[in-house]
Amino acid sequence: MLVSMPTAAAGTPEPPAVRLGPAVLRLEGVRKAFHRGVWPARRSVVVLSGATLEVEPGEMLWDKLTVDEHFALFARAYGMTDEARDRTVAALLDELQFAGYRGYRIEELSGGTRQKLNLALALMHEPQLLLLDEPYAGFDWETYLRFWEMSERRRDAGMGILIVSHLLAERERLDRIYTVRDGKTSDR
Amino acid sequence: MSAALAPSFVREHLRTRLTLVLLVAIPVFFVLIFASVLGQFSSALGGSLASRAATAISAGWAAAFLSGALAFFQLVSSRGADRRLALAGLGAGRVALARIAAALSLAVVVSAVAYLTLWLRAGVAHPLHAALAILAFAAIYIGIGALIGVFVSGALEGSLLVVLVFSVDVFSGPAMTSGGGGLLASLTPTRKAADLLIAAGAGRGSPASDWVAVTAVAVGAVGVALAAFWFSARSRA
């Protein structure tokens, strides 16, 4: 497994990825693991800057609610105004090209569109640090390429992005790679 | 903020037409058909549950069964998403409050249908007493359903467990057996609510101590459900 973390482009400030605090960790559903260094089954563990983090697995959407209702709920959780929510959601829907699914329930969506929504929910409050576990699973090729363009734009704007991936082919897109093997991390 | 979230959580469960149909059909079935079966069972077990009492209490069972099942499914089907919402900044407490508000709203809906069916079928001598007793049934089973959801994540296993608890509760209810059900019957959480509902259906009042006991059990059950929703939505760090 590769743990990948793009960093800021030359000349821009170092993203705050190494300053992990509860306020940042809360944003993406990541928590400190109970057992540092242990590799729990069915969970992706990232070891970064001495902290052991765990990305929550499982279904993270409500099957019976629509795409728009998800945006509304998470906008409240993030403390966004209605105006900011509308502006951000419109931009993300356009960027990920799934505006036509706003009124669809989650149970009616394909895996790829669900994944787009997952990504949009994570991005809508523009976090300083974004942690993504296999974020492109289910994406078609165009969306996959668009995902990397989006990531690079945000990386260049100062957002730290940490991606957990099993695909070795993506290494040229990443600024820094950590390999986790047998519960231990090495910086490459 | 929790009040603003609750309507979304209610919609989550009322969105499919089949669910809406069942929320009406099950109370109607309980009051019109289950009541007579309950009376026959009581006779077979040596109990003395009168037809009118069986009809009254079946409205309570309908509200209890539906509220328990809905609370269970609210918890197990939304666990991951609720936790994500809490971690996104809302906090487990506010998510839990929204869930409780949704569960109570759904309980009021199913209780109203059960009450209306009872009123149309047999009339209600003490309308307010009967309505409160049916609501107490629903509140108690919100606690039971949510508590089961904490320990059992599988939909099938959890549903069966809700049905098991419900069945034990029904058949150890008041006047169901010749011996009164013994220790088990006295420990079932709906015992006093059942006494109140039977009395209300027959036009009798109930002692204040029974009302205090039912209120305590119902409030306690809602508290258990709140804790269960909080436990489910919290960060495990």
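Before reading on, note that the structure itself is shown above.
Keep in mind that this is a model prediction, so the values were computed, not measured.

Reading the values: rules and limits
- Residues numbered from 1 in each chain as written.
- Chains lettered and ligands numbered in written order.
- Predicted model: local features only at pLDDT ≥ 70, side-chain atom pairs only at ≥ 80, totals over all residues.
- Helix = DSSP H or I, 4+ residues; strand = E, 2+ residues; numbered from the N terminus.
- Buried ≥ 20, exposed ≤ 12 C-beta atoms within 10 Å, placed from the backbone.
- Contact = placed C-beta atoms within 7 Å.
- Expected span 1.5 Å × (residues − 1).
- Core = buried A, V, L, I, M, F, W, Y, C linked by C-beta atoms within 7 Å.
- Pairing = 2+ DSSP bridges.
- Right-handed = clockwise from strand over helix to strand, strands pointing away.
- Arc of directions from axis to C-beta.
- Axes fitted to C-alpha atoms, helices over the stretch in contact; angles between N-to-C directions.
- Parallel < 35°, antiparallel > 145°, perpendicular 65-115°, else oblique.
- Left-handed = near helix turned anticlockwise from the far one by under 90°.
- Nonpolar A, V, L, I, M, F, W, Y, C, P; charged D, E, K, R; others polar.

**Some remarks on the overall build of chain A**
Each helix and strand in chain A was counted, giving 5 helices and 8 strands. Taken from N to C terminus, the helices and strands of chain A fall in the order β-α-β-β-β-α-α-α-β-α-β-β-β. By residue count, 36% of the 188 residues in chain A fall in the buried class. Sequence separation of at least 24 residues holds for 69% of the intrachain contacts in chain A that already meet a minimum separation of 6.

**A few points about the overall build of chain B**
Helix and strand counts for chain B stand at 10 helices and 0 strands. Reading chain B from its N terminus to its C terminus gives the helix and strand order α-α-α-α-α-α-α-α-α-α. Expressed as a percentage of the 237 residues in chain B, the buried residues total 54%. Within chain B, counting contacts between residues at least 6 apart in sequence, those at least 24 apart form 81% of the total.

**Some thoughts on helix H6 (residues 127-151) of chain B**
Here H6 of chain B spans 37 Å end to end across 25 residues, near enough to the 36 Å set by a 1.5 Å rise per residue. The element H6 of chain B is largely enclosed, with a buried count of 20 among its 25 residues.

**Digging into the nonpolar core**
Residues and elements named next belong to chain B. By size, the foremost hydrophobic cluster in this structure holds 117 residues, and its most contacted members are Ala63, Ile134, Ala138 and Leu197. At 17 residues, the largest contribution of residues to this core is made by helix H3 (residues 51-77). Not counting the four nearest positions on each side in its chain, isoleucine 134 is found in contact with Ala59, Gly60, Ala63, Ser111, Ala114, Tyr115 and Leu197.

**A few points about unusual backbone geometry**
Most peptide bonds take the trans form, and the phi angle of most residues other than glycine is negative. Residues and elements named next belong to chain A. Positive phi, close to 55°, is recorded for glutamine 97, a residue that is not glycine. Structurally, glutamine 97 is set in the loop between helix H3 (82-96) and helix H4 (111-123). With 13 C-beta atoms packed within 10 Å, glutamine 97 lands in the partly exposed category. Although it is not a glycine, glutamate 126 adopts a positive phi angle of roughly 50°.

**Some details on the pairing of strand S5 (residues 129-133) of chain A**
Residues and elements named next belong to chain A. The buried count for S5 comes to 4 of 5 residues, which makes it a mostly enclosed element. Bridge count for S5 against strand S6 (residues 160-165) is 5 bridges, and the pairing is parallel. The residue of S6 that forms the bridge with aspartate 133 is valine 164. In this fold, the crossover linking S5 to S6 by way of helix H5 (residues 141-156) has right-handed handedness.

**Quick notes on H3 of chain A**
Residue and element names in this part refer to chain A. Between its first and last C-alpha, H3 extends 21 Å over 15 residues, near the 21 Å set by a 1.5 Å rise per residue. Restricting attention to buried positions, one finds in H3 the residues Val89, Leu92, Leu93 and Leu96. Within H3, the buried residues cover an arc of 100° as seen down the axis, which keeps them to one side. In this structure, H3 carries Glu83, Arg87, Ala90 and Asp94 as exposed residues pointing more than 90 degrees from its buried face.

**Topic: the environment of proline 135 of chain A**
All names here are of chain A. Tracing the chain through its elements places proline 135 in the loop between S5 and H5. Residue class for proline 135 comes out buried when judged on the 21 C-beta atoms lying within 10 Å of it. Linking proline 135 and asparagine 118, residues 17 residues apart in sequence, is a C-alpha distance of 8.4 Å. Setting aside residues no more than four positions away along its own chain, proline 135 makes contact with Gln115, Leu119, Phe147 and Ile163.

**Some thoughts on the packing of helix H5 (residues 92-122) of chain B against H6 of chain B**
Residue and element names in this part refer to chain B. Where H5 meets H6, the closest approach of the two axes is 9 Å, and the angle between their N-to-C directions is 140°. By the angle class used here, H5 and H6 are oblique. Once H5 is placed against H6, the crossing between them reads as right-handed. For the pair formed by H5 and H6, the contact residues are Ala103, Ala107, Val110, Ser111, Ala114, Tyr115 and Leu118 on the first element and Ala130, Ala131, Ile134, Leu135, Ala138, Ala139 and Ile142 on the second. Residue classes in the contact of H5 with H6 are distributed as 13 nonpolar, 1 polar and no charged.

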